[in-house]
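Listed below, chain by chain, are the residues.
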Amino acid sequence: MQKLTRRTFLRGAGVCLALPLLEAMLPARARAAATAAPQRFVAINIPLSFIPANFFPDVPGADYTLSSYLQPGAALRGDFTICSGLSHPGVDGGHSAEKSFLTAAPQPGSRSFKNTISLDQFIARQIGDRTRFASLTLGDHSLSWSENGVSIPAEHSPAKAFSRLFLTGKPGEIAAQERDLEDGRSIMDTVLGDAKAIERSVGAADRQKLDQFFTAVRETEQRLTKSQAWTHTPKPVVDARPPEKLDDADLVGMFRAHFDVIRLALSTDSTRVVALGGTGYGTVPKIKGVEQGYHGLSHHGKNPEMMRQLELVERATLQAFFDFLAALKASAEDDTHLLGRTQILFGSNLGNASAHSTTNLPILLAGGAHRHGKHLAFDPVQNHPLPNLFVSVLQRAGLEAASFASSTGTLTGLDPARG
Amino acid sequence: MALLLFPDIRCALVACAALLPPGLTAADFQKDAGAFFEKHCYDCHESGTTKGGLNLEKADTAIGGPEQADMWTHIFDRIAHDEMPPPKKPRPDKLAAAGFLAELKPRLLAADRARRSVVQRRLNREEYENTLHDLLGIDIELKGLLPEDQQAGGFDNNGAALALSTEQMQRYLETARMAVDAAIVTGERSATETWKCDSLGEVQRYIDSGQFGYVDGRIVLYTTSDDTYSKISTRSKRTPVRGRYRFSFQAAAENTTGLGFFTVNASNFAGVAATSKNLGYYEVGPEPKTFDIEAVLDPKSAIQFFAQGLPGYVKNTPGMKHPGVGFGPVEVTGPIIDQWPPESHARLLGKTDLAIGTLNDAHEILRRFLPRAFRRPVADSETDRFLGLIRSRLDVGRSFEESLRTGLVAVLCSPNFLYLREESRPDAQRITDTELASRLSYFLWSSMPDDELLGAKLSDPKILHAQTERLLRDAKAERFITNFTGQWLRLRQIADTTPDRKLYKDFDELLQMSMVREGESFFRQLLVEDRPITDILDSDWAMLNQRLAEHYGIPGVTGLAMRRVVLPAGSVRGGVLTQAGVLKVTANGTSTSPVLRGVWVLENILGHATPPPPPGTPAIEPDIRGATTIREQLDKHRSSESCAVCHKLIDPPGFALESFDPTGAFREKYLRWNVSNAEKGWGSVGPGASVDATGHLATGEPFSGIREFKKLLLARRDDFAHCLAGKLMTYGIGRELGFSDRDAIDAIVTRADSTGGGLRTLIHAIVASDTFATR
């Protein structure tokens, strides 16, 4: 039996949970799953990458010196692994590579690109039924893709994500929502009947389309059923204000707001899988000393003034990220902390934005039960497959997976934590 | 792409095909192909050395499956275009090559045809929103709530690519509810009010400090900001409910004899999720003018004013004489209600009173609604299914209104609504008139057919022509212009990069907006006047407004409206290649790349798809500090023969376009960053190396710059016509074209050419073709 320790760890995070989350209040399947320690996964993509020279440490191994960009993470050195020489085999196409960051589907820039399932959704399919939300997709671009390559829209607004997670409607609204869910299921039933009726008149080429439709309708029905089961479980109450109104150009403020929401979502076990896509837009970030658009700066053409401004943006991004890691570490859970049970993949789909290259990606893996503290340096010319890291992540999360996309094994040098 | 380019090979091919002994077997072809490869190809393309990523040992002469068809098409084209074997290798004699191609062609045709059928196509989000707007008579935004659509063949309306996921189905359920809710009204009619909003109180202190001016009751802005928030607004009293409002105000340009420009945005100020919707771009002279702007707004919304085309900063001195735009107090009237209940309500429900409706009423409503929603006649059994759902909801105690809504939402989640359904009839490849009506309306309106089109006998060529004309003349044809140019000319990507303000000081929002309008209005002009499609390659006219004319250095154009302007003799403009929008989306904001622009010209003008660089190719990193230009870097690239195969095709168009910077302005010199203090990162922008826009085509013809390059393009008119017809057909029927479509596209181009070669004529030829009406 798992101890009820939510109050303690939430206090550690500076948040007070007013609701004792009793197991009796959880739907049956979630109750069964709650006995094992939750394994969580967060992916973060920074689509304009980082200036490589400032990001990667010089030497491999445990004795590497922190690069200038990694300095803010000095106190957390033992909680992350830095990887160089990784990339997705066959993934090119400049900015379009962001579509393949979590899927590793080749040639995202080609005219007839078809995407495949993303790592977060692969995990959510297996453990998503244990929480109110199977997964969260946040940010400016979506990292999440369904099995048949449809993008899952990202929630741009931290405030909206917060309200979905934690704000409960009035009793009347809840009753209306319940009716909607029930009616939704009967709609799916009817539509299924409608699709079956046309099954006879479709040719071979349309058969696949119709099968997709059947699957989508059946799964929607299952999701509505799950939502119905959760309507009677009140949403967790957190002692945190909803995120403030933010300007799109407030790049760092936006990051921090997303990170806060993610931390709250994980600590209340509202979800265990999150994907956050950072901004690649041309707006001028509201950071002192930065006067030009972020995207434009990334095409610095080695212009020192532009590189100086770009550095300000990138340092601020990394500072916000390490603060997020620190906050997770400060959130106690059982005899460990949130960071210990959350694998965080942080990186970029571009190696060098100024050259639009998709090799030598900056990749950092934090948290989870890994033996961290190392710089795993792979060949910068013949890169090691990044999907191998994905397989390691899956296995460490306790999921059965021998391969993912173009993987050739697990990530060499990434070992489980001792004990 | 078209064989027309290579008359000698084509003639040889025709001659050979005629000589070909009948009944050549598969075994013969396998033997002949093997011998041809052995002699000319295997040295570079077998499992040991797969140059260009091609391993001919994997080519199966049975050509089974799409990958094989693609591979053989690639082989066919390289030989037919005389690109392979490369010039330095021993060449097959023309008759041998033509003989091989003639043997390959019928097999490739059959293999390719087998994979090309129009598949049941899901509405993309653009089409989904338009269809619900047209079906229900509503105007709420829906497409932003749906996942991004997948593309294939350069367009996002491709049936094979448009997949459906669970996430998407859930969203359809939500958006269908929103749409039905928007169509039906239950509350009381809101009273129409009129009130006045004056921002003077809020901005008085800025007027006192000199940041804003105040002239004859108008608050004057002297700067253009790229913020989404303006202090001059109707925020003092926001809209009470959703509806149509009229905003009436005075504006005038100050301290100038010319025009002042401004935009009006609507926002609901809902925190982080605040909407900001541009209601339009306006111009005003020194004489005060009254504006009446009508728009549909959300509850608690207001409009805000932004001056455009002014500097980002001016020195703050009281009594200054900087040019500016002044805005007077705003009189707001609304919600303006023409009819109650609204048209959407009456259209859907007829005379049914929701409070006392019965199952019989629901039956009537469904009988009217279903054929329009499904775009075809509907069987009773289909109506009964949805009626059954409504009955089951009534049975569990839902109100009539709730039950009816549920039934209508189900209709909008049905595959019959969500897909352009074309029934499979083993005996006929041609689709029915009803199915053709949908194809035609989704081509030209990006939405459902209206009653007249659904009832038209489109198999009659005269009627088809007349209906096509009617659709093109309708305002909804604007959607075709926007969606087609948005993807073909990539105008949808216009805001993806912000040009570096220090390097490109002239760039502003007004220019960016004008770029999109230029591309669209140029295409519209060709369409309306049925101008020859060669105008797209080069023309002696352009569609310009004041902002673009200034950008291009063409005098005598005032105001924001796009109009036809005859270009001065020797102008570098004319055609689409030198339109600023195209030049911007093919650059990256800071620098230009001849490779990216070259690939764009090859793919979108000449119809020549280029493979991506093989893995491991080092990327070129722009460096604007030193003396090396991008061209010098590229020359290194091209010195290797395997790179040169593609780059001798890609680079020349890109070189010709090097005369244009990332904002589309003409340049003779690159900009260069001059370092003054390396430690502190200080420096300044100055002129750098001269632009070299000369080059020669892969076929040898030299050009001295963009003007001569366009002349060379005109000589390739047939390639372009084939390419454009192919793009239009791909967009029109929502499937990628292949080898087996080439003859049909050639026939369409020939037919269009024989009747004038205009864009409108070409569209008629496409619509009238068998391909357009075949599954």
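Along each chain, numbering runs from 1 in the same order as the chain's sequence is written. Throughout, the order in which chains and ligands are written sets their labels, letters from A for the former and numbers from 1 for the latter. The predicted origin of the model limits local features to residues at a pLDDT of at least 70 and limits the giving and counting of side-chain atom pairs to 80 or more, whereas totals for whole chains, interfaces and linings rest on all residues.

(A) Spotlight on the overall build of chain B. A run of DSSP states H or I qualifies as a helix once it reaches four residues; a run of E qualifies as a strand once it reaches two. Both are numbered from the N-terminal end. Along the backbone of chain B there are 26 helices and 17 strands. Against the 2.2 N^0.38 benchmark of 28 Å for 775 residues, chain B shows a C-alpha radius of gyration of 30 Å, consistent with a compact globule. Projected onto its principal axes, the C-alpha positions of chain B cover 85 × 80 × 50 Å. The buried share of chain B, reckoned over its 775 residues, is 43%. We call two residues in contact whenever the C-beta atoms placed from their backbones are within 7 Å. Within chain B, counting contacts between residues at least 6 apart in sequence, those at least 24 apart form 72% of the total. Restricting the calculation to C-alpha atoms gives the radius of gyration, and the globule rule supplies 2.2 Å times the number of residues raised to the power 0.38. Exposure criterion: with C-beta atoms placed from backbone coordinates, a residue whose C-beta has 20 or more other C-beta atoms within 10 Å is buried, one with 12 or fewer is exposed, and one in between is partly exposed.

(B) Structural context of the overall build of chain A. Scanning chain A for helices and strands turns up 11 helices and 10 strands. Taking all 419 residues of chain A together, 52% fall into the buried category. Partitioning the intrachain contacts of chain A with sequence separation of at least 6 by distance along the chain shows that 66% fall at a separation of at least 24.

(C) Representation of the pairing of strand E3 (residues 136–139) of chain A in the model. Residues and elements named next belong to chain A. Neither face of E3 is open: one carries Leu136 and Leu138, the other Thr137 and Gly139, and all of them are buried. Bridge analysis of E3 against strand E4 (residues 273–277) gives 4 bridges, and the strand direction is parallel. Within the sheet, the bridge partner assigned to Leu138 lies in E4 and is Leu276. Two strands pair under a simple rule: DSSP has to find at least two bridges between them.

(D) Molecular detail of unusual backbone geometry. Going from Gly334 of chain B to Pro335 of chain B, the amide bond is cis rather than trans, its omega being -10°. As for its placement among the helices and strands, Pro335 of chain B is situated in the loop between strand E10 (324–334) and helix H8 (343–349). Phi at Asp269 of chain A is positive, roughly 55°, even though this residue is not glycine. In this structure, Asp269 of chain A sits in the loop between helix H8 (251–267) and E4. Look at Asp269 of chain A and you get partly exposed, because 19 C-beta atoms sit within 10 Å. Positioned with a positive phi, His356 of chain A is a non-glycine residue whose angle comes to about 55°.

(E) Representation of the interface of chain B and chain A. Listed as interface residues are 62 residues of chain B and, on the opposing side, 61 residues of chain A. At the level of secondary structure, the elements contributing two or more residues to the side of chain B that touches chain A comprise helix H6 (166–183), helix H10 (380–395), helix H11 (400–413), helix H12 (415–418), strand E14 (669–677) and strand E15 (682–690) of chain B. Looking at the side of chain B that touches chain A element by element, the count peaks at 6 residues for H6 of chain B. Residues belonging to the side of chain B that touches chain A are distributed by class as follows: 27 nonpolar, 23 polar and 12 charged. Classes in brief: Ala, Val, Leu, Ile, Met, Phe, Trp, Tyr, Cys and Pro nonpolar; Asp, Glu, Lys and Arg charged; the others, Gly included, polar.

(F) Inspection of the packing of helix H9 (residues 359–374) of chain B against H10 of chain B at higher detail. Residue and element names in this part refer to chain B. At a closest axis distance of 10 Å, the pairing of H9 and H10 adopts a crossing angle of 145°. The two elements H9 and H10 cross, and the hand of that crossing is right-handed. Across the interface between the two elements, Leu359, Ala362, His363, Leu366, Arg367 and Leu370 from H9 touch Glu382, Thr383, Phe386, Leu387, Ile390, Arg391 and Leu394 from H10. A class-by-class count of the residues in the contact of H9 with H10 yields 8 nonpolar, 2 polar and 3 charged. All axes here are fitted lines through C-alpha atoms, helices being fitted over the stretch that makes contact, and every angle between N-to-C directions spans 0 to 180 degrees. Handedness of each helix crossing follows the sense of rotation of the near helix against the far helix: counterclockwise by less than a right angle gives left-handed, clockwise gives right-handed.

(G) Representation of the nonpolar core. Grouped together as the largest cluster of nonpolar side chains are 264 residues, with contacts concentrated most on Ala179, Ala725 and Ile766 of chain B. If you look at the next biggest cluster of nonpolar residues, it comprises 17 residues, including Ala69, Met84, Ala98 and Phe739 of chain B. Nonpolar cores are identified as sets of buried Ala, Val, Leu, Ile, Met, Phe, Trp, Tyr and Cys residues joined via C-beta atoms within 7 Å.

(H) Seen up close, the confidence of the model for chain B. Residues and elements named next belong to chain B. Averaged over chain B, the pLDDT score is 89; the fraction of residues at 70 or greater is 92%. Contacts for the low-pLDDT stretch residues 1–22, under 50 throughout, to residues beyond four places or in other chains number 35 contacts. With a pTM of 0.85, the predicted complex shows an ipTM of 0.84. pLDDT is a per-residue confidence score from the predictor, ranging from 0 to 100.

(I) Spotlight on helix H15 (residues 461–473) of chain B. All names here are of chain B. The span one expects for a helix is its residue count, reduced by one, times 1.5 Å. Given a rise of 1.5 Å per residue, 13 residues ought to cover 18 Å, and the 18 Å separating the end C-alpha atoms of H15 matches this to within 8%. Those residues of H15 not exposed but buried are Leu464, Gln467, Thr468 and Leu471. On an axial view of H15, the arc spanned by its buried residues comes to 105°, and they lie on one face. Looking at H15, the residues exposed on the side facing more than 90 degrees away from the buried face are Lys462, Glu469 and Arg473. Check the buried side of H15 and you find it contacts helix H13 (433–444), helix H14 (451–454), helix H16 (477–488) and helix H26 (759–768). Think of it as the arc spanned by the lines of direction from the helix axis to the C-beta atoms.

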